[in-house]
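Here is how the chains run, residue by residue.
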Amino acid sequence: MGKTGIIILAAGSSSRMGELKQLMKYKNKTLLQHIVGEAILAGLHPLICVTGYQSDMIKNSLSDVNVMIVYNSHWAEGMGSGIAAGVRELKQSDVDSVILAVSDQPYVSAELFMTMIDRKEQSGRGIAACSYAGTLGTPVLFGRNYFDQLMSLNGNEGAKNIVKSNLPDVCPVEFEKGKVDIDTKQDYEKLIAEIHNA
């Protein structure tokens with residue numbers, strides 16, 4: 001089995017939230033620390049976190065883990081430039097594939113990451129994308145043959161277009177709780193209520 005790295009996108013300003021959602025608490029960690037911890041449990045390496053807005057605060061929150069910080073000076077232009085910056089760094093290592101993840105999907109787990117890797121290996125396809133709410137989305141795993149396309153992304157253009165343009169090469173991985181992401185205070189309050197009621 002090949003080596004898989006991960007790029008966690010944590011550059012946004014969380015404008016709809018009114019505070020940095022990456023640093024909001026979830027199960028005694030921040031949302032970002034949760035994703036990083038699950039990536040470590042899954043054995044993903046290198047582990048790259050792309051920062052932008054309030055980069056120092058994000059960096060300091062991860063000071064006790066082995067994560068490479070890549071600062072994206074163009075973060076305000078959108079997710080595409082952050083993906084490109086992360087993949088440029090990752091490409092220097094000997095990985096065969098990369099998982100792209102965001103920091104506001106609280107139900108992402110090490111088990112999900114490992115399932116994605118297994119499904120991609122078993123299917124022989126180049127992409128494994130999570131399936132939820134009638135769409136394909138993050139986390140998404142790309143084989144090395146897609147690195148150049150990922151590095152060409154810019155502005156608000158995410159990796160979804162690459163997935164859509166290569167559907168015959170995509171292995172869907174069911175992740176129903178992927179539809180839960182934390183964009184607003186209401187989303188966060190609902191998540192905390194679910195934890196308390198669990």
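Residues numbered from 1 in each chain as written. Predicted model: local features only at pLDDT ≥ 70, side-chain atom pairs only at ≥ 80, totals over all residues. Heavy atoms only, no water.

### What about the nonpolar core?
- By size, the foremost hydrophobic cluster in this structure holds 36 residues, and its most contacted members are Ile-6, Leu-32, Leu-44 and Phe-113.
- At the level of secondary structure, the elements contributing two or more residues to this core comprise β1 (4–10), α1 (31–41), β4 (47–51), β6 (97–102), α4 (110–123), β7 (127–132) and α7 (185–197).
- Beyond its immediate stretch of four places on either side in the chain, Ile-6 contacts Ala-39, Leu-44, Pro-46, Leu-47, Ile-48, Leu-90, Val-98, Ile-99, Ala-101 and Phe-113.
- Residues Val-98, Leu-100, Tyr-146 and Val-170 belong to the second largest nonpolar core, which totals 26 residues. (Core = buried A, V, L, I, M, F, W, Y, C linked by side-chain atoms within 4.5 Å. Buried < 20%, exposed > 50% of the residue type's maximum accessible area, 1.4 Å probe, protein only. Helix = DSSP H or I, 4+ residues; strand = E, 2+ residues; numbered from the N terminus. Contact = heavy atoms within 4.5 Å.)

### Let's talk about the packing of aromatic side chains
- Scanning the model with the defined rule gives three aromatic pairs in all.
- Seen from the ring of Tyr-107, Lys-177 lies directly overhead, with NZ or CZ sitting 4.3 Å from the centre. (Phe/Tyr/Trp six-rings, centres within 6.5 Å; stacked < 30°, edge-to-face > 60°. Lys NZ or Arg CZ within 6 Å of the ring centre and 35° of its normal.)

### With respect to α4
- Its 14 residues place the ends of α4 20 Å apart at the C-alpha level, agreeing with the 20 Å of an ideal helix rising 1.5 Å per residue.
- Those residues of α4 not exposed but buried are Ala-110, Leu-112, Phe-113, Met-116, Ile-117 and Lys-120.
- The inward-facing, buried residues of α4 contact β1, α1, β6, β7, β8 (135–143) and β9 (170–174).
- The first or second residue beyond α4 is Gly-124, which carries a positive phi of 75°. (Expected span 1.5 Å × (residues − 1).)

### Some thoughts on the confidence of the model for the protein
- Here the protein shows a mean pLDDT of 92. Residues at 70 or above account for 96%.
- Within the protein, the lowest mean pLDDT, 84, falls on α7, and the highest, 98, falls on β7. (pLDDT = per-residue confidence, 0-100.)

### Overview of the pattern of salt bridges
- Taken as a whole, this structure holds five salt bridges when the rule is applied.
- A salt bridge links Asp-104 to Lys-21; the nearest nitrogen and oxygen atoms lie 2.8 Å apart. Taken as a pair, Asp-104 in the loop between β6 and α4 and Lys-21 in the loop between β1 and β2 (25–26) lie far apart in primary sequence, 83 residues in all. Of the two residues, Asp-104 and Lys-21, neither departs from the other in class, the shared state being buried.
- For Asp-183, the salt bridge goes to Lys-21, with nearest N and O atoms at 2.7 Å. With Asp-183 in the loop between β9 and α7 and Lys-21 in the loop between β1 and β2, this pair connects stretches of sequence that are 162 residues apart. Neither Asp-183 nor Lys-21 differs from the other in exposure class; each is buried.
- It is possible to trace a salt-bridge network through shared partners that takes in Lys-21, Asp-104 and Asp-183. (Salt bridge = Lys/Arg side-chain N within 4 Å of Asp/Glu carboxyl O.)

### Examining the sheet that holds β9
- One open sheet accounts for seven strands, arranged β5-β4-β1-β6-β8-β7-β9; its pairing is mixed. Each edge of the sheet is formed by a strand with only one pairing partner; in this case those strands are β5 (68–71) and β9. Recorded for the sheet is a direction-independent mean angle of 25° between the axes of neighbouring strands.
- Note that β7 and β8 share six bridges and pair antiparallel. Looking at the pairing, Cys-130 lines up with Gly-137 of β8. (Pairing = 2+ DSSP bridges. Axes fitted to C-alpha atoms, helices over the stretch in contact; angles between N-to-C directions.)

### A look at α1
- Burial within α1 is extensive, with eight of its eleven residues counted as buried.
- What α1 keeps buried is the set Leu-31, Leu-32, His-34, Ile-35, Val-36, Gly-37, Glu-38 and Ala-39.

### Looking at the environment of Leu-167
- Locating Leu-167 in the fold gives a position in the loop between α6 (160–165) and β9.
- By relative accessible area, which is 47% here, Leu-167 ends up partly exposed.
- Considering only alpha carbons, one finds Leu-167 and Glu-194, 27 residues apart in sequence, at a separation of 34 Å.

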